[in-house]
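# Examination of the molecular architecture
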Amino acid sequence: MNLSRVHIVAVWLGLVAALTASPRTTRAEHDGKVQILLLGDSTTIGSVCRITDPKGPHLEDVIRSLLAAEKNLPTTNVINQGRDGEFIHGLLKDGRYEREIAKLPGIDYVFIRYGLNDQGRREDFAVNFPKDFSELIGRLRKDHPHATIFPMTIIPYLAADVDARINALIRKVADDEKLALFDVYTRYQAELAHGVNMLNYRRYALDKIPEKHREWLQPFVHGGAVVVMDNRLDAHLRDLPGWFGDRHPNLAGYHVIGDETAKFLAPRIREKTKAGDGTDAPCGR
C-alpha cells in the first residue's frame with residue numbers, strides 16, 4: 001500500500017471513529033471549553049448596545065471574562081441566543097428552536113430568561129406561560145440531555161407588581177421541574193439603589209426632541225432615535241416626557257447581570273470539575 005492510500009485509509013478511519021463515538025465522548029467540551037447557552041429576549045441579547053458599542057463587552061463577554069478570572073475553572077464559551085421581542089411560545093412554534101437551538105453541540109449549561117414579552121403577547125398568560133416554560137425545559141432536556149438548566153427571574157422592567165407576578169410564575173416552574181432558580185432580579189434591583197436610571201440606556205425619537213437640539217445630536221442618532229448608554233445627555237433632555245422610559249439594560253446593566261451570573265455559576269462549574277467530567281452531575285437537571 002503506497003503512502004497516499006495509507007493517508008486515505010487513515011482519514012476514513014478517523015471519520016468512522018468520529019461518527020460512531022459514544023454520546024459520552026462526543027458531548028465532551030468543545031475545544032476544551034464549557035459551553036454556556038443564554039436564552040431570552042431583548043434584555044438578554046442587548047441589540048441596541050451592539051449598535052452603539054459594537055466591541056462591547058456584551059453580556060456573554062462579561063460572563064466569560066469573569067469566569068476566566070476565577071481560579072481553577074476550565075475555559076468557557078458563552079453563546080448568547082437572546083432575540084428582540086421573543087417569547088417562549090414564539091421560540092417553540094416559529095421554528096427557531098429547531099433551527100438554532102436544538103442542534104447546538106456540547107451544551108453544558110442553559111440559562112432561560114423570558115416573561116416580559118410573554119406577559120404582553122401570550123394569550124391567557126398566567127395559564128399558558130408556565131406550560132410554555134415547561135415545554136421548553138422538556139425540549140432542552142431531550143436535545144441537550146447533559147446540560148444543567150437554570151430558569152431565571154426577569155430583571156426589574158415593568159411595574160413592581162407585574163414583575164412580581166411574572167417572577168412568581170417562574171419560581172413555580174422551577175419548583176415543579178425540580179430545577180435551581182437563578183434569581184437575578186434581587187441583585188439588579190439592589191444596584192438601582194445607587195441610581196434608578198444608572199442601568200438603562202436612553203432611547204428617544206429624534207422628532208420628539210426640540211428642533212434646536214437635533215443638529216448637534218446627530219452623532220447620537222441611530223434608526224431615527226437618539227440613543228446613549230449613559231447619562232451624558234441627561235443635563236439637556238431629562239425633562240422630556242419619557243426620557244428615562246426605556247428600561248432595557250445599558251452596558252452597565254449587562255455588567256450587573258454578567259457579574260451575578262458568574263457568581264452563581266462559578267461554584268457549580270468548580271463542583272462539577274472536582275467530581276470529574278460532570279456529565280452525570282444531578283444538580284439542576
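In this report, we go over the structure that sits alongside the text. This one's a predicted model, so the numbers in the text were calculated from it and none came from an experiment. (Residues numbered from 1 in each chain as written. Predicted model: local features only at pLDDT ≥ 70, side-chain atom pairs only at ≥ 80, totals over all residues. Heavy atoms only, no water.)

### So, empty space enclosed by the protein
Selection rule: Of the two site types, the cavity is a set of points on a 1 Å grid over the protein atoms alone where a 1.4 Å probe fits but cannot get out, and the pocket is an open set with protein on both sides within 12 Å along at least five of seven lines, each lined by residues with an atom within 4 Å of a point. Grid points are joined across faces, edges and corners, and a volume is the space filled by probe spheres set on the points. Each helix corresponds to a stretch of at least 4 residues labelled H or I by DSSP, and each strand to a stretch of at least 2 residues labelled E; elements are numbered beginning at the N terminus.
Enumeration according to the criterion identifies one cavity of 30 Å³ or more in this entry. Considered as a void within the structure, the largest cavity measures approximately 60 Å³ in volume. Taken together, Leu38, Leu39, Thr44, Leu59, Ile63, Phe111, Arg113, Met152, Ile257 and Thr261 make up the lining of the largest cavity. Listing elements by their share of the lining of the largest cavity, those giving two or more residues are β1 (34-40), α5 (59-68), β3 (109-113) and α14 (251-275).

### Here's the deal with helix α10 (residues 160-176)
Filter applied, for reference: Residue count minus one, scaled by 1.5 Å, sets the expected span of a helix. The buried label applies to any residue whose accessible area, calculated with a 1.4 Å probe on protein chains only, is under 20% of its type's maximum; exposed applies above 50%, and partly exposed to all values in between. By construction, the arc corresponds to the directions joining the helix axis to the C-beta atoms. The criterion used for residue contact is that any of the two residues' heavy atoms lie within 4.5 Å.
Relative to the 24 Å expected for 17 residues at 1.5 Å per residue, α10 spans 24 Å between its end C-alpha atoms, a close match to the ideal helical length. Buried within α10 are the following residues: Val162, Asp163, Ile166, Asn167, Leu169, Ile170, Val173 and Ala174. Summarising the axial view, the buried residues of α10 lie within an arc of 150 degrees, below the 170-degree limit, and thus occupy one face. For α10, the exposed residues set more than 90 degrees away from the buried face come down to Ala160 and Asp175. In this structure, the buried residues of α10 make contact with α8 (116-121), α9 (125-143), β4 (148-151) and α11 (185-191). Of the residues trailing α10, Lys178 is marked for its positive phi of about 55 degrees.

### As for the pattern of salt bridges
Here is the rule we go by: Any Lys or Arg side-chain nitrogen found within 4 Å of a carboxyl oxygen on Asp or Glu counts as a salt bridge.
Here the structure, examined in full by the defined rule, presents 23 salt bridges. In this structure, Arg96 engages Glu100 in a salt bridge whose closest nitrogen and oxygen atoms are separated by 2.9 Å. With Arg96 and Glu100 both in helix α7 (residues 96-101) and four residues apart, the pair spans about one turn of that helix. Between Lys172 and Asp176 there is a salt bridge, and its shortest N-O distance comes to 2.8 Å. Pair noted here: Lys172 and Asp176 are both in helix α10, with a separation of four residues, about one helical turn. Classification of Lys172 by relative accessible area gives partly exposed; the value is 47%. Classification of Asp176 by relative accessible area gives partly exposed; the value is 47%. If you follow the salt bridges from partner to partner, you end up with Arg187, Glu191, Asp259, Glu260 and Lys263 in one network.

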